[in-house]
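Below are the chains, spelled out letter by letter.
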Amino acid sequence: MVKASSRQANAGVRSRRQGQLGQVMHRLAKNKLAMLGLFVMLALIAVALLSPWITPYDYAATSKADRYALPSAQHWFGCDGMGRDIFSRILYGARASLWLGLMSTLVSTVIGVILGSLVGYFGGWVDNVVMRLLDILQAIPGMLLSIAISAALGSGIGNTILALSIGGIPMTVRLLRGSILTVRKQEYIEAAEKINCSRLRVITSHILPNSIAPVIVSVTMGIGNTILQAASLSYIGLGVQPPTPEWGAMLSEGKAMITKYPHLCIFPGLAIMVVVLALNMLGDGLRDAMDPKLKN
Amino acid sequence: MKKILSLVLALALLMSCLCLSAASAEQGESVVVGIAGDPGNIGPFQGMSAGRIGILFTTYEFLVTKDGDSYPGVLMKELTQVDDLTYDVELYDYIVDQAGNPLTASDIKFCYETAQSIGNLPKLSSIESIEVLSDYVCRFHFKELAAGDLYSLLMECPIVTQAAYEASPDQMAVDPVTTSPYRVTGYQTGSKIVMEYTGAYWQTDESLVRTTSKHNVNSITFSIIPDSVQLTNALKTKEIDISAAIDAAYIKDFMDVEGYNVTRFPDNLTKYLIFNNNVFPDQRVRQGIAYGIDADDINLFAFDGLAMNAKTIGNSKYPDYVAAWNDEPYYEYDADAAKALFAEAGFTGGTYRLMYSVTDVNTSIATTIQADLMDFGINIELVPYDSALFNTYKYADDSGEWNLMLDEGGSSSLLSNVWKLTMDRNDQTHGKTIGYVSDDTLQSLLEAAMTENTPENMDAFHQYLKEQCYEYGLVAPVSNLAHTTVVKSAVTCFRGQVLPGACEY
Amino acid sequence: MIRYIGKRLLWMIPVMLGIAILIFSIMYICPGDPAQSMLGPSATAVELAAKREELGLNDPYIVRLGRYLYQTFIRFDLGVSYKYGTSVFEGLMERMRYTLVIALLCMALQVFVGTPLGIAAATHHNGVADRICMLLALVGVSIPAFWLALMLVLIFAVNLNWLPTSGVDNGLLSFIMPCIANSFAGIASQARHTRSSMLEVIRSDYIVTAKAKGLSPRTVLLRHALPNALIPIITIIGNGMGMMLGGTVIIENVFAIPGVGRYMTDAISSRDYPVVMGGVLVLGLIFSLIMLLVDIVYAFVDPRIKAQYEGRRKKKKAPAAAAAGKEAQHG
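Residues numbered from 1 in each chain as written. Chains lettered and ligands numbered in written order. Predicted model: local features only at pLDDT ≥ 70, side-chain atom pairs only at ≥ 80, totals over all residues. Heavy atoms only, no water.

The next subject is the overall build of chain A. Looking only at helices and strands, one finds twelve helices and zero strands in chain A. Reading the helices (α) and strands (β) of chain A from amino to carboxyl end gives α-α-α-α-α-α-α-α-α-α-α-α. Looking at chain A as a whole, 58% of its 296 residues are labelled buried. A separation of at least 24 residues holds for 73% of the contacts in chain A among residues at least 6 apart in sequence. For chain A, the exposed area adds up to about 12300 Å²; of that, 65% sits on carbon and sulfur atoms. (Helix = DSSP H or I, 4+ residues; strand = E, 2+ residues; numbered from the N terminus. Buried < 20%, exposed > 50% of the residue type's maximum accessible area, 1.4 Å probe, protein only. Contact = heavy atoms within 4.5 Å. Areas by Shrake-Rupley, 256 points an atom, 1.4 Å probe, with all protein chains shown as cover.)

Next comes the structure, spelled out in structure tokens:
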């Protein structure tokens, strides 16, 4: 692995990486569950993007005549208490729900990865200071922190994203730090340092690619988790505001009529389940694919 | 591991059997009332909260109480007017509290002054001083007295004896000693409050026992259930016997259902819409918006059609409400009228912020308003806040935080007091109404109605407000009191809360 | 080892200070007026100003922060609730009982149901049992707790009348549904984590050796594989316990359980600063102690880690391993 010239060293690492990535993809492609998860996610993202054009009804249009209409040929998933078409609201709601899940996870991952690689690479006092700061953040229960931040900033999708993402940062940092610590001592890192690669370069092209696997897995699962947290926030009246449909909010609106009109709750509940399920299948598949020991 | 598991299971079963048998032994003369909020502190001089209001009249007695439109004395035997701002209150001379301390005029002075100094009951600031004239007579000196204020002030402060209050280590936070026939015997914060009949109520003359002091049941449990679905479920499984806090959305589950009765009466609060006058200075635009919002929609979507459409800011339960308003038109939905008014004013729509305090019902109302106004090119952005934040912006100077406000208000005395809540510019730091209106006519008409609430004065204000449309009433919710047939007839206090002692069993 | 514990305990002081400053600052920027929510809508501007003055809300940030830190860390006084007028510490302790009961029961369910499920899945890798377990686990992590809770109530309380709908009056019976609803996701992730941990161990050399020696599969599983696979699970349990303490908010609300979570959410919405700040501090302290305990137990169970403490006195591996567990907890 340790080559004489920097060029060759880089090339070596790169091809090894590509080979690794290719292997991972190959193993992933063979995992039917993971592929199903990936397909479902891509389909949902497509639905979310296309929703303004494909929803059969206006998601905000109310109708006295259709209040609590049961599922039928006109309204596939029935209508809610204001006579709004649930199918259209679920299609359109994919935007807010997926956006919430993706963005909060993205924000916490980006911050987490930056902090995590600094901490993992430099160690010493940087590590000590940052980790203690994260201890502080982590010791405050996530749900309460989100509620307090929502109270401080007000509701709305942007603030909800912020509230949900802050709680996720410590986890990503710890995860990455742990994984970097094992990579850090490897010979190829030492080699890269010896040949005067800049620190930024060592981190971005040598350390990160080799230690990011657990983070990727946790991201796929984190998205689903965030969507569930958003649903819980809307149960206590925080989160995305009407009329923009969001699955969690639909679920908590529907809880009022859970006995008489269960379809108000069942469909948004199913939508959330499908996403979380798909992401988890994908995440499981990724984990198996990235850890060859686990696969026969 | 299997052994441990089976052991745990066996233990769990055993425990649950024990618990079950304990639960079934406790039957008989008891009633369980479902309430939504936790009072937190039962002490006499705490601020009002949704949880406190539910237990207040069973826990404490006041100088007077309200029964229909009259204010019969409870502790007070007689009220004598000395002059416009001075009244003498005479107490019964045989009142004793649950610890046996006699209640005298100095205790009244003590209670009012303690409450004033703690500052949680802001209404009391209009009392100048209280003078003890004899053992059982004290003189109230007021700074000012608007119509209806006298009795609401006599009803504002719970009365306990100084001896009992000072004997309590925690200002009676969990174990108040009062003159009520019920004594708190158990308070599990956030879960339940148990009260037992003391067996010896001081008022022995049956004809003088007021509704709020009746004691038809031996044991009362107030069960605190914050989730509205769960409150309904508890009534369905008969874990609670009665509740006045059931949401309109669920009340049909108990109407005409075997084993349940539902009593319905006007709620204390009315929902209304306030225009920010800086944003909507044009009267025609305000009227147009009022015509463009369908109160029937709101009633249907937010209250399952069980509320009443409002005819003013307030509902018909107040004695100074003018019955003729019921037959007058009051911004019934009229799209053509709205469009005509908008056209006349040259108003073409735009985006406006509707602020409200976040509850399920308010969210439904706001969403309905949003949907209704969309037809006129008016885009409503919903701005929900928790109650602390809502109130902060409501009373603050105009910072562009809200353009329209969904608010609610009610009074324990008169309709003019409901109006005063949002439209008395003298009450606000910025010297304008809540909607930032500074209208001399409005103010003088309001003051006239408050000083002398004759039908003429009330009508004059109502008509002027309706014409100007600075704010207008949307719906008057109806309280739903649902109970099992264990309770033969249900009785509530003037604030719409269950009086378990006064119900018949 | 003792030195390590002492060091960790000392580190807790700046962390607690940090928590106090952070939550104080969040509540400071949080718009909304405690005086307004104490006095209600009928209070006039003058009365509100007087109340604010009395609560010391008019002072500048640094003065209020200083006063708060002095009161909390020098006099060990969490103050008195604005809304209830009662001691915050007592209020927290009274409610902590319920939160602790739920957290412990949930952890017990998670461990005693999740672990066997995970083991079964791992020993029948890719078999029917594995598929069923993992499907259940996947469903488990994708159902919102409040929704599951309301569904359970509908079935077991309203329709079957077996269990009470809410409250805490019926002993253990009252806690059955809250715990099931709250731990469903935990059971699921425990099962998944046990499975992957077991799979990893089963494939390791010493298990292969043990099998090759001709030991019965049962002995191999129970004597050799399980103890090793269980090590990372300790972290999950500790972590889960910590998260559970603050994560029962929703379930407490649904089942009318007077726990810490509800106390604090109510306090946030009424801007009852002493309760919010005191609650966060106490929960933070408990969380930190549990994490320390986990690291210590970890060291005792895993000789490799213990050797590290005693050797170079480096305290990095344990938190790193703890982090790995945390991830799995979430996944």
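What follows concerns a nonpolar patch on the surface. All names here are of chain A. There is a patch of nonpolar side chains on the surface, built from Leu42, Ile45, Leu49, Leu50, Trp53, Ile54 and Leu102 and spanning about 710 Å² of accessible area. When residues in the nonpolar patch are grouped by element, the largest group, six residues, is from helix 2 (residues 32-54). By the element assignment, Ile54 lies in helix 2. A relative accessible area of 41% places Ile54 in the partly exposed class. (Patch = residues over 30% accessible without salt bridge, like charges linked within 9 Å, V, L, I, M, F, W, Y side chains within 5 Å. Salt bridge = Lys/Arg side-chain N within 4 Å of Asp/Glu carboxyl O.)

Here we take up the packing of helix 3 (residues 86-122) of chain A against helix 4 (residues 124-139) of chain A. All names here are of chain A. Helix 4 packs onto helix 3 with a crossing angle of 140° between their chain directions and a minimal axis gap of 7 Å. With respect to their mutual orientation, helix 3 and helix 4 come out oblique. Helix-helix and strand crossings are classified by hand; for helix 3 and helix 4 the assignment is left-handed. Taking contact as the criterion, the partners of Leu115, Val119 and Phe122 in helix 3 are, on helix 4, Gly124, Val126, Asp127, Val130 and Met131. (Axes fitted to C-alpha atoms, helices over the stretch in contact; angles between N-to-C directions. Parallel < 35°, antiparallel > 145°, perpendicular 65-115°, else oblique. Left-handed = near helix turned anticlockwise from the far one by under 90°.)

Take helix 13 (residues 415-423) of chain B next. In an α-helix there are 3.6 residues to a turn, and that puts residues three or four apart on one side. Residue and element names in this part refer to chain B. Among the nine residues of helix 13, seven are classified as buried, and the element is accordingly described as predominantly covered. The complete set of buried residues in helix 13 reads Leu415, Ser416, Asn417, Val418, Trp419, Thr422 and Met423. Check the buried side of helix 13 and you find it contacts helix 4 (149-154), strand 11 (270-275), strand 15 (404-409), helix 14 (440-451), helix 15 (455-468) and strand 16 (471-476).

On the chain A side, the residues contacting the 51 residues of chain C number 52 residues. Interface of chain C and chain A: buried area, both sides summed, is about 4900 Å²; carbon and sulfur atoms make up 74% of it. For the pair chain C and chain A, the number of links is zero salt bridges. Counting across the chain C and chain A interface gives zero residue pairs in polar contact (both at pLDDT 80 or more). For the side of chain C that touches chain A, the secondary-structure elements that each account for two or more residues are helix 1 (2-29), helix 6 (128-141), helix 7 (145-159), helix 8 (172-202), helix 11 (249-254), helix 12 (260-269), helix 13 (273-301) and helix 15 (317-330) of chain C. Along the lines of polarity and charge, the residues of the side of chain C that touches chain A split into 31 nonpolar, twelve polar and eight charged. (Buried area = accessible area lost by both parts, 1.4 Å probe. Polar contact = N/O pair within 3.5 Å; in protein donor to acceptor, adjacent residues only side chain to side chain. Nonpolar A, V, L, I, M, F, W, Y, C, P; charged D, E, K, R; others polar.)

Residue and element names in this part refer to chain B. Inspection of every chain in the model, using the stated rule, returns 40 aromatic pairs over all chains. An angle of 10° between the planes, with centres 4.5 Å apart, marks the rings of Tyr71 and Tyr151 as stacked. With Tyr71 in the loop between helix 2 (50-59) and strand 2 (76-83) and Tyr151 in helix 4, this pair connects stretches of sequence that are 80 residues apart. On the accessibility criterion, Tyr151 (29% relative accessible area) is partly exposed. Relative to Tyr331, the ring of Tyr330 lies with its centre 5.7 Å away and its plane at 65°, an arrangement referred to as edge-to-face. (Phe/Tyr/Trp six-rings, centres within 6.5 Å; stacked < 30°, edge-to-face > 60°.)

Next up on the list: the sheet that holds strand 5 (residues 137-142) of chain B. All names here are of chain B. The strand order across the open sheet built from four strands is 2-3-5-4, with neighbouring strands paired in antiparallel fashion. Strands with a single pairing partner mark the edges of an open sheet, and in this sheet they are strand 2 and strand 4 (127-132). Strand-to-strand twist of the sheet, defined as the mean angle between neighbouring strand axes without regard to direction, takes the value 20°. With five bridges connecting them, strand 4 and strand 5 associate as antiparallel partners. When the sheet's bridge partners are listed, Glu131 is paired in strand 5 with Arg139. Across the sheet, helix 3 (residues 105-118) touches strand 3 (86-91), strand 4 and strand 5, and the angle it forms with strand 4 is around 155°. (Pairing = 2+ DSSP bridges.)

Each regular strand carries side chains that alternate between the two faces of the sheet. Residue and element names in this part refer to chain B. Counted residue by residue, strand 15 has five buried out of six residues, so it is predominantly covered. Looking at chain direction, strand 11 and strand 15 are connected through six bridges and run antiparallel. Bridge pairing in strand 15 places Tyr272 opposite Asp407. With two bridges joining them, strand 13 (residues 350-357) and strand 15 adopt parallel strand pairing. Counterpart to Met355 in the pairing with strand 15 is Met405.

As a further point, take the side chain of A:His75. All names here are of chain A. On the secondary structure map, His75 appears in the loop between helix 2 and helix 3. In terms of polar contacts, His75 uses its side chain to reach the side chain of Asp85, at 2.8 Å. In this structure His75 touches Tyr57, Asp66, Leu70 and Asp85, once residues within four positions along its chain are discounted.

For the rest of this paragraph, the subject is the state of the cysteines. All names here are of chain C. Enumeration according to the criterion identifies zero disulfides over all chains in this entry. Among the cysteines around Cys179, which has no disulfide bond, Cys106 carries the closest sulfur, lying 4.1 Å off. On the accessibility criterion, Cys179 (3% relative accessible area) is buried. (Disulfide = S-S within 2.5 Å.)

All names here are of chain B. Each assigned domain of chain B is listed with its residue range as follows: domain 1 (2-244 + 479-484) and domain 2 (270-476). Across the domain 1 to domain 2 interface the summed buried area is about 670 Å²; carbon plus sulfur atoms make up 45%. For the domain 1 face of the interface with domain 2, the top three residues by lost area are Lys66, Asp69 and Ala147, together amounting to 50%. Put simply, domain 1 and domain 2 have zero salt bridges between them. (Domains from an automatic or database assignment.)

Our focus in this paragraph is the interface of chain B and chain A. Contacts between the two partners involve 27 residues from chain B and, on the opposite side, 21 residues from chain A. The junction of chain B with chain A conceals about 1800 Å² of combined surface from both sides, 57% of it contributed by carbon and sulfur atoms. The interface formed by chain B and chain A includes one salt bridge. A salt bridge links B:Asp304 to A:Arg67; the shortest N-O distance between them is 3.1 Å. Among the secondary structure elements, those contributing two or more residues to the side of chain B that touches chain A are helix 6 (228-236), helix 7 (248-251), helix 9 (295-303), helix 11 (360-374) and strand 14 (378-385) of chain B. Among the elements that line the side of chain B that touches chain A, the one with the most residues is helix 11 of chain B, at seven residues. Residues of the side of chain B that touches chain A, tallied by class, amount to eleven nonpolar, six polar and ten charged.

Looking now at the sheet that holds strand 7 (residues 192-197) of chain B. One open sheet accounts for seven strands, arranged 6-7-8-1-9-17-10 (chain B); its pairing is mixed. With one partner strand each, in any of the chains shown, strand 6 (182-188) and strand 10 (260-266) of chain B form the two edges of the open sheet.

The residue B:Ser219 is located in strand 8 (residues 219-224) in this model. Looking at B:Ser219, the relative accessible area reads 13%, which means it is buried.

Looking now at the environment of B:Ile369. All names here are of chain B. For Ile369, the position within the fold is in helix 11. Owing to a relative accessible area of 0%, Ile369 belongs among the buried residues under this scheme. Apart from the residues lying within four places of it in its own chain, the contact partners of Ile369 are Leu273, Ile293, Ile298, Leu354 and Leu474.

Let us look at the pattern of salt bridges. Counted according to the given criterion, the structure contains 29 salt bridges over all chains. A salt bridge links B:Lys252 to B:Asp304, with the shortest nitrogen-to-oxygen separation between them at 3.5 Å. Taken as a pair, B:Lys252 in the loop between helix 7 and strand 10 and B:Asp304 in the loop between helix 9 and strand 12 (308-309) lie far apart in primary sequence, 52 residues in all. Given the relative accessible area of 11%, B:Asp304 is considered buried. Between C:Arg75 and C:Asp77 there is a salt bridge; the shortest N-O distance is 3.7 Å. Under the relative-accessibility criterion, C:Arg75 is labelled partly exposed at 47%. The structure contains a network of salt bridges with shared partners spanning A:Asp80, A:Arg84, A:Arg89 and A:Glu253.

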